[in-house]
Amino acid sequence: MRLASSAASLITALLLAPPLAAQADTTVALRFGWATGTSARVEVEKVRVRRTAARVDSIRSRFAHTWKVEAHPEGRRVAWADFAWVEVPDLPGGDGFLRNVTQAIHVLPAYIVKPDGALARVEDLAQARTLLGAMFTRVIAANMRDTPPGALEVLEQVTPDRVLEALAQQEWEAQVGMWVGVEVTPGEEITGTVQEPSPLNPALAIPTRLAFAMGKRVPCTPGAAEARCVEMRLTSSPEPEPFRRALVDAVTQMGATAGQAEAAARDAVKETRVDAVVEPATLRPHRVTVVQTLRLVEPTPGGGAPRPVSQVDRKTYSYTWDK
């Protein structure tokens, strides 16, 4: 099971439990209701901060695209269009690399969504896989001096359809699908465990702890008088030992020795938090922030002493709906 569907199923099952029935007057029901023909301009900011004992590096990019909601025999088709850079990241590979990124985002898989908002499948995978493969190859070529043996092969492995599909699914679930069908009382927190696929091997499931809660009612947009939206929060972290084993395998595949891989994974920690402001009557998101924190010990190129690394990735989405 992938994290997206299993987490959503767990949340729905727990939140629809009988004790909530007596609290119907305070329960908030989240239901999907995206109308065909509507669209949203989505602005995305991505920030990565990477810290070691010697230095702090950061990179930031901002771009925008349009979500278009189309009719589909299975429910809705949500397609990407009109990509534009707002702030271009300073990355290796020059303009050619950025053109590849732009093209790849243009053909990211479209979502086929069931009438209730659950993701049925994704489309347009083959072209996205080809372009992303070219993008990764350009980055590796620009940094081959510092790249451990085997890294290119590992990166090429993340472009098959099953991996791109898993990434697209995670995007949909973080922004919309995680909240489909939920009924919950504001302030209540629910916890549980689900199976999350490994990023490098979606077929490998890692037990992951979840905590889910709804906050207060808030305006959907800054300055709005009416509080029509609700705050949603989800935190997750993998069980330490299964996560450590998966990380050892991944680092070993990238050319590290067994000792380096074990050192990298010994005290590794991964934490994810999703905060969202959504319309409960339609599940249209207005703001979503996903923060992922990773701490581990990284093998040093050339066989030097391993170095502790902390990396925080923050992705923020802001939506402007046309109607």
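Residues numbered from 1 in each chain as written. Predicted model: local features only at pLDDT ≥ 70, side-chain atom pairs only at ≥ 80, totals over all residues. Heavy atoms only, no water.

1. Some words on the overall build of the protein chain
Piece 1. Of regular secondary structure, the protein chain possesses 7 helices and 13 strands.
Piece 2. In the protein chain, buried positions account for 45% of the 323 residues.
Piece 3. Total accessible area computed for the protein chain in this model is approximately 15700 Å², and 54% of it derives from carbon and sulfur atoms. (Helix = DSSP H or I, 4+ residues; strand = E, 2+ residues; numbered from the N terminus. Buried < 20%, exposed > 50% of the residue type's maximum accessible area, 1.4 Å probe, protein only. Areas by Shrake-Rupley, 256 points an atom, 1.4 Å probe, with all protein chains shown as cover.)

2. Here we look at the state of the cysteines
Piece 1. For the coordinates displayed, the defined rule picks out 1 disulfide.
Piece 2. Disulfide partner of C220: C229, at an S-S distance of 2.0 Å. Its torsion about the S-S bond being 105 degrees, the disulfide of C220 and C229 is classed as right-handed.
Piece 3. For C220, a relative accessible area of 3% gives the class buried.
Piece 4. Given a relative accessible area of 0%, C229 falls into the buried group. (Disulfide = S-S within 2.5 Å.)

3. Quick notes on the pattern of salt bridges
Piece 1. By the definition in use, this model includes 20 salt bridges.
Piece 2. Notably, a salt bridge pairs D57 with R55, separated by 2.7 Å at the nearest N-O pair.
Piece 3. Of the charged contacts, one joins E271 and R295 as a salt bridge, the two residues approaching to 3.9 Å between their closest N and O atoms. Of this pair, E271 sits in strand β11 (residues 269-278) while R295 sits in strand β12 (residues 285-300), and the two are 24 residues apart along the sequence.
Piece 4. Take E271: its relative accessible area is 36%, and that puts it in the partly exposed class.
Piece 5. You can call R295 partly exposed: its relative accessible area is 35%.
Piece 6. In this structure, a network of salt bridges that share partners links the residues E70, E74, R77, R121 and E123. (Salt bridge = Lys/Arg side-chain N within 4 Å of Asp/Glu carboxyl O.)

4. Some remarks on the packing of aromatic side chains
Piece 1. Counted according to the given criterion, the structure contains 10 aromatic pairs.
Piece 2. Centre to centre, the rings of W67 and Y319 are 5.8 Å apart; their planes meet at 35 degrees, and the pair counts as tilted. With W67 in strand β3 (residues 56-72) and Y319 in strand β13 (residues 304-321), this pair connects stretches of sequence that are 252 residues apart.
Piece 3. By way of ring pairs, the aromatic residues F32, W34, W67, Y111, W172, Y317, Y319 and W321 are connected into one cluster. (Phe/Tyr/Trp six-rings, centres within 6.5 Å; stacked < 30°, edge-to-face > 60°.)

5. Remarks on the nonpolar core
Piece 1. Grouped together as the largest cluster of nonpolar side chains are 44 residues, with contacts concentrated most on W34, W67, Y111, W172, W179 and M232.
Piece 2. Take this core: its biggest share by element is 4 residues, from helix α5 (residues 161-175).
Piece 3. Those residues within four positions of M232 in sequence are excluded, and the remaining contacts are L30, W179, F212, A213, M214, V274, D275, A276 and V278.
Piece 4. Ranked by size, the runner-up nonpolar core spans 13 residues in total, among them I206, V248, A264 and A265. (Core = buried A, V, L, I, M, F, W, Y, C linked by side-chain atoms within 4.5 Å. Contact = heavy atoms within 4.5 Å.)

6. Focus on unusual backbone geometry
Piece 1. Here L283, not a glycine, exhibits a phi torsion of approximately 65 degrees, which is positive.
Piece 2. With respect to the element layout, L283 can be found in the loop between β11 and β12.

7. Some remarks on the pairing of strand β9 (residues 205-218)
Piece 1. Inspection of the sheet shows strand β8 (residues 189-197) paired to β9 by 9 bridges, in the antiparallel sense. Within β9, the residue paired with E196 across the bridge is I206.
Piece 2. Both β9 and strand β10 (residues 229-238) contribute to a ladder of 9 bridges, which runs antiparallel. Following the sheet pairing, A211 is matched in β10 by T235. (Pairing = 2+ DSSP bridges.)

8. Quick word on the confidence of the model for the protein chain
Piece 1. For the protein chain, the average pLDDT comes to 78, and 70% of its residues sit at 70 or higher.
Piece 2. For residues 1-6, every residue scores under 50 in pLDDT, and the model assigns this stretch 19 contacts once sequence neighbours within four places are set aside.
Piece 3. Taken as a whole, residues 13-25 scores under 50 in pLDDT and shows 16 contacts with residues more than four places along the chain or in a different chain. (pLDDT = per-residue confidence, 0-100.)

9. Observations concerning the packing of helix α6 (residues 240-253) against helix α7 (residues 258-265)
Piece 1. Direction vectors running N to C along α6 and α7 enclose 140 degrees, while the axes themselves pass 8 Å from each other. Regarding the angle of α6 to α7, the classification is oblique. The hand of the α6/α7 crossing is right-handed. Of the residues in α7, those touching α6 at R244, L247, V248, V251 and T252 are A261, E262, A264 and A265.
Piece 2. Class assignment of the residues belonging to the contact of α6 with α7 gives a composition of 6 nonpolar, 1 polar and 2 charged. (Axes fitted to C-alpha atoms, helices over the stretch in contact; angles between N-to-C directions. Parallel < 35°, antiparallel > 145°, perpendicular 65-115°, else oblique. Left-handed = near helix turned anticlockwise from the far one by under 90°. Nonpolar A, V, L, I, M, F, W, Y, C, P; charged D, E, K, R; others polar.)

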